[in-house]
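One-letter residues, chain by chain:
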Amino acid sequence: MGLIASDRSVCDLDQLRRATGHQPRWLQRIFAEYVGIGPKAIIRRYRLQEAADAALSGEPLDWAAKAAQLGYYDQAHLVREFTRVVGMAPAAYARAHCMSANR
């Protein structure tokens, strides 16, 4: 799991397999046993956390470029997954956080 946290280029299970030299099924078993969820869920969590951090940075952001950097197919893929997990689009998340921080 440390590799996923430290190497932001690991965006999917195949990249994790190549980086570790272990087969996907072995990785899934080890993660299930020691972490309680699969490696894909951990990778997704780190990607979404990085997207959330970017949304809250206050800096202008090229979401299409950020989506590509995080391993999403395109900006729409990132926004759909973010919205599904967080409950709102990245821009709405940033606005909501900004409003609550200014109170």
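Each chain carries its own residue numbering, running from 1 in the written order of its sequence. With the structure being a predicted model, the display of local features is reserved for residues of pLDDT at least 70 and the display and counting of side-chain atom pairs for 80 or more, all residues being used for whole-chain, interface and lining totals. Only heavy atoms go into the side-chain values, all of them from the structure, while hydrogens and water stay out.

Chemist: Looking at this structure, I do not really get the packing of aromatic side chains. What am I missing?
Modeler: Given two aromatic rings, their pairing is described by the distance between the two centres and the angle made by the two planes. Under the pairing criterion, centres of Phe, Tyr and Trp rings, with the six-membered ring standing for Trp, must be within 6.5 Å; the plane angle then separates stacked pairs below 30 degrees from edge-to-face pairs above 60, leaving the rest tilted. In the structure shown here, the tally under the stated rule is 1 aromatic pair. Where phenylalanine 82 meets tyrosine 93, the ring centres are 5.5 Å apart and the plane angle is 75°; that geometry is what we call edge-to-face. Taken as a pair, phenylalanine 82 in helix H6 (residues 75–86) and tyrosine 93 in helix H7 (residues 90–101) lie far apart in primary sequence, 11 residues in all. By relative accessible area, phenylalanine 82 is classed as buried at 0%. Lying over the aromatic face of tyrosine 46, arginine 45 brings its terminal NZ or CZ to 4.8 Å of the ring centre. Here, over-ring charges are defined by two tests on the NZ atom of lysine or the CZ atom of arginine: distance to the ring centre within 6 Å, and angle to the ring normal within 35 degrees. Sitting over the ring of tyrosine 72, arginine 47 keeps its end group 3.8 Å from the ring centre. Secondary structure counts use DSSP, requiring at least four H or I residues in a row for a helix and at least two E residues in a row for a strand, with both numbered from the N terminus. For every residue, the accessible area (1.4 Å probe, protein chains only) is compared with the maximum for its type, and the residue is labelled buried under 20%, exposed over 50%, or partly exposed between those bounds.

Chemist: How should the packing of helix H4 (residues 39–56) against H6 be read in this particular structure?
Modeler: Two quantities define a packed helix pair, namely the angle between the helix axes and the distance between the axes. Only the stretch in contact is used when a helix axis is fitted, and all axes are lines through C-alpha atoms; the angle between N-to-C directions ranges over 0 to 180 degrees. With their axes 11 Å apart at the nearest point, H4 and H6 run at an angle of 100° to one another. Comparing the axis directions of H4 and H6 gives the class roughly perpendicular. Touching Arg44, Arg47, Leu48, Ala51 and Ala52 of H4 are Leu78, Glu81, Phe82, Arg84 and Val85, all from H6. Under this grouping Gly is polar, as are all residues other than the nonpolar Ala, Val, Leu, Ile, Met, Phe, Trp, Tyr, Cys and Pro and the charged Asp, Glu, Lys and Arg. Along the lines of polarity and charge, the residues of the contact of H4 with H6 split into 6 nonpolar, no polar and 4 charged. If an angle is under 35 degrees, it is roughly parallel; if it is over 145, roughly antiparallel; if it lies from 65 to 115, roughly perpendicular; otherwise it is oblique. In this description, contact between two residues means that some pair of their heavy atoms is separated by no more than 4.5 Å.

In short, shape yes, function no, at least from these values alone.
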